[in-house]
Amino acid sequence: MPSFTSPDQGDDLEACVLRFSDLDLKDTRLINPCSSLKAELDVSTKKKYSFAKKKAFALFVKTKEVPAHPFECKEKWWKCCQQLFRERTGIHRHVATQHADELCHQTASVLKELAATLNTSKSLKSEDNGTPLKEYLPCNREVSAWLPDISCFSPDELIRGPGSEEGEVLLYYCYRDLEDPPWVCAWQTALCQHLRLTGKVRIATEGINGTVGGSKLATRLYVEAMLSCPLFKDYMCKDDFKTSKGGACCFPELRVGVFEEIVPMGISPSKISYKKPGVHLSPGEFHKEVEKFLSQTNEEQSDTILLDCRNFYESKIGRFQGCLAPDIRKFSYFPSYIDRNLELFREKKVLMYCTGGIRCERGSAYLKAKGVCREVFQLKGGIHKYLEEFPDGFYRGKLFVFDGRYALSYNGDIVSECSYCGAPWDQYKLCSTPQCRQLVLTCPACQRQGFTACCVTCQDKGSRLASSPAQSSFKEECECTARRPRIPSELPQQVRLPASPEPRPDVGEDGPCLRKWHRQHLPRPSQSEVHGDRTLENTRAAAAEKPGPPASYTGVSTMASGVCCLGLCL
């Protein structure tokens with residue numbers, strides 16, 4: 001039986017399950033990370049909670065292991081949050097103080113999965129249908145048995161690939177019921193470390209969601225391992241893995257964990273299931289639907305909504321023409337956005353899309369459950385697959401990705417602008433104020449003048465910190481983020497975004513009068529300084545030639561450039 005702790009620990013899962021046999025899974029408090037979980041449990045279950053918390057802690061620490069240098073007497077170190085820990089006490093202290101919420105999630109998952117495994121085992125025995133439990137899990141449950149053989153490759157080949165071959169980033173997800181997410185977590189951790197992959201993998205009872213980077217050799221072996229595993233081989237194919245140029249350098253570390261959802265929508269999968277999504281459209285079918293949608297130029301109000309399920313900072317630098325792009329900062333705000341603007345979708349045909357397709361699976365299920373839409377469709381494989389087939393199609397600008405690259409480019413269109421001077425610009429950088437670290441769009445000319453923060457407040461704060469560096473390194477919510485409405489309300493007549501938005505002087509997207517403040521502090525950079533031979537006028541002229549939505553429609557979102565963190569949400 002696979003262990004829900006690290007592979008080298010000898011605890012037997014079945015023995016652990018028996019200790020949790022009377023756990024009441026109907027108590028929703030067990031999966032609420034914001035509550036004081038242990039305090040709310042009765043006396044009879046406190047011991048069980050403590051035991052599960054220790055196991056969750058050990059599993060979390062196990063995922064942070066990295067090989068120690070050869071000259072060290074120790075076999076392993078730990079790496080987390082871009083810090084290297086050589087002593088076990090150091091990583092334990094770090095995890096306990098900095099990852100309390102994640103530990104709470106994982107503890108609840110351990111409790112649920114132990115009881116769920118027991119219930120499954122009992123039902124299989126009671127049915128006596130001749131199907132043993134082992135068919136629901138790999139026959140050989142040792143994690144090491146499911147790692148590919150790499151003995152014929154040198155470590156250098158595995159890390160860098162043969163010759164000067166460029167690395168690769170994989171993006172994938174698979175919705176399917178998993179009986180033992182902790183075992184899958186341990187296997188994924190071992191697999192990625194075995195292949196020298198970095199990235200992020202989320203595992204839950206509803207499936208797996210991952211993005212990992214490494215050499216092409218390593219990613220090929222990873223795909224082969226996934227497709228040969230009995231848990232996924234009947235649910236995935238090679239085409240489900242989207243690839244792009246990159247490598248292990250795109251991620252600071254490897255993060256693998258067990259969560260309640262593989263994409264954080266904030267609603268339990270037991271309430272809104274992936275099993276009831278919208279109708280999947282291939283990239284070709286979706287392209288035809290968008291073409292039909294954009295051709296409805298003479299209708300005062302279209303019966304179709306092209307809905308972007310991503311966050312504002314993603315749609316800011318790239319989006320489908322004519323889309324409705326909600327001005328939300330997290331996907332967990334999406335259900336509230338739908339609830340607040342439900343009348344907007346009444347009797348409408350909705351075409352949904354996101355980066356890789358995973359957010360549409362749950363998002364379309366939520367929208368369908370409201371019972372107001374005439375039809376709900378979603379782009380299979382997301383923007384990623386669409387751009388592979390239609391790089392010059394109806395999607396304009398860059399594709400935002402949740403790693404160090406920030407964006408992928410498939411066409412030459414620039415649909416966003418510098419937050420300071422309004423020049424066309426779409427390359428994100430982190431806000432220069434350490435306590436903020438949000439994403440900001442600032443062109444090279446403005447950067448050279450020292451304008452590298454997300455807003456006026458952060459720019460001033462950064463200047464003060466530079467003169468007195470002994471400050472706290474903890475992140476703070478930026479004022480421009482705090483000012484933003486959490487859930488925007490849309491007007492029915494304002495459904496579409498302009499294909500090539502024009503700059504709006506003095507109404508800064510990152511706060512009032514940002515550009516006016518910018519002009520008071522430095523001369524506006526020349527067009528050639530920003531774009532070289534391509535002037536701003538030429539840029540706008542080129543953008544104007546692109547087909548766009550009907551002029552009678554205006555945009556609904558004032559999309560700011562900041563984002564607090566990068567999580568796995570594709």
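If you're wondering where the values come from, they're calculated on a predicted model, not measured in any experiment. (Residues numbered from 1 in each chain as written. Predicted model: local features only at pLDDT ≥ 70, side-chain atom pairs only at ≥ 80, totals over all residues. Heavy atoms only, no water.)

Draft legend 1. Structural detail: the overall build of the protein chain. Scanning the protein chain from N- to C-terminus turns up 19 helices and 18 strands. Split into buried and exposed, the 570 residues of the protein chain put 54% on the buried side. Look at the contacts in the protein chain between residues 6 or more apart in sequence, and 73% of them connect residues 24 or more apart. For the protein chain, the exposed area adds up to about 25,500 Å²; of that, 51% sits on carbon and sulfur atoms. (Helix = DSSP H or I, 4+ residues; strand = E, 2+ residues; numbered from the N terminus. Buried < 20%, exposed > 50% of the residue type's maximum accessible area, 1.4 Å probe, protein only. Contact = heavy atoms within 4.5 Å. Areas by Shrake-Rupley, 256 points an atom, 1.4 Å probe, with all protein chains shown as cover.)

Draft legend 2. Looking closely at the side chain of T198. Among the secondary structure elements, T198 is positioned in strand β5 (residues 198-204). Look at T198 and you get buried, because its relative accessible area is 15%. Within the structure, T198 has its side chain in polar contact with the backbone oxygen of A248 (distance 2.8 Å). Residues within four places of T198 in sequence aside, it is in contact with T211, V212, G213, A248, F251, E253 and L254. (Polar contact = N/O pair within 3.5 Å; in protein donor to acceptor, adjacent residues only side chain to side chain.)

Draft legend 3. Molecular detail of helix α4 (residues 88-98). Considered for burial, the residues of α4 that qualify are G90, I91, H94 and V95. The buried residues of α4 occupy an angular sector of 125 degrees when the element is viewed end-on, so they sit on one face. Relative to its buried face, α4 has exposed residues pointing more than 90 degrees away, namely T89, R93 and T97. (Arc of directions from axis to C-beta.)

Draft legend 4. Region of the structure containing the environment of D460. Its location among the elements puts D460 in helix α15 (residues 456-467). The exposure class assigned to D460 is partly exposed, which follows from its relative accessible area of 36%.

Draft legend 5. Region of interest: the packing of helix α9 (residues 283-294) against helix α13 (residues 382-389). At a minimum axis separation of 9 Å, α9 and α13 run at an interaxial angle of 90 degrees. Looking at the two axes, α9 sits roughly perpendicular to α13. From α9, P283, G284 and H287 reach across to α13, where they touch K385, Y386 and E389. Looking at the contact of α9 with α13 residue by residue, the classes come out as two nonpolar, two polar and two charged. (Axes fitted to C-alpha atoms, helices over the stretch in contact; angles between N-to-C directions. Parallel < 35°, antiparallel > 145°, perpendicular 65-115°, else oblique. Nonpolar A, V, L, I, M, F, W, Y, C, P; charged D, E, K, R; others polar.)

Draft legend 6. Representation of the packing of aromatic side chains. Within this structure, the stated rule accounts for 19 aromatic pairs. Residues Y313 and F400 carry aromatic rings whose centres are separated by 5.3 Å and whose planes lie at 70 degrees to one another, so their mutual orientation is edge-to-face. Here Y313 is found in helix α10 (residues 312-315), whereas its partner F400 is found in strand β15 (residues 399-400), with 87 residues between them in sequence. Per residue, the accessibility class of Y313 equals that of F400, and both read buried. Pairing F400 with F402 gives two aromatic rings, centres 5.2 Å apart and planes at 80 degrees, and the pair type is edge-to-face. One exposure class covers both F400 and F402, and it is buried. Every member of this aromatic cluster is reached through a ring pair, and the members are F286, F320, Y353, Y386, F390 and Y395. Between R86 and the ring centre of W77, over which it is positioned, the NZ or CZ distance is 4.6 Å. When the ring centre of F259 is taken as origin, the NZ or CZ atom of R202, which lies over that ring, is 3.9 Å away. (Phe/Tyr/Trp six-rings, centres within 6.5 Å; stacked < 30°, edge-to-face > 60°. Lys NZ or Arg CZ within 6 Å of the ring centre and 35° of its normal.)

Fair warning: the whole summary comes from geometry, so function is off the table for now.
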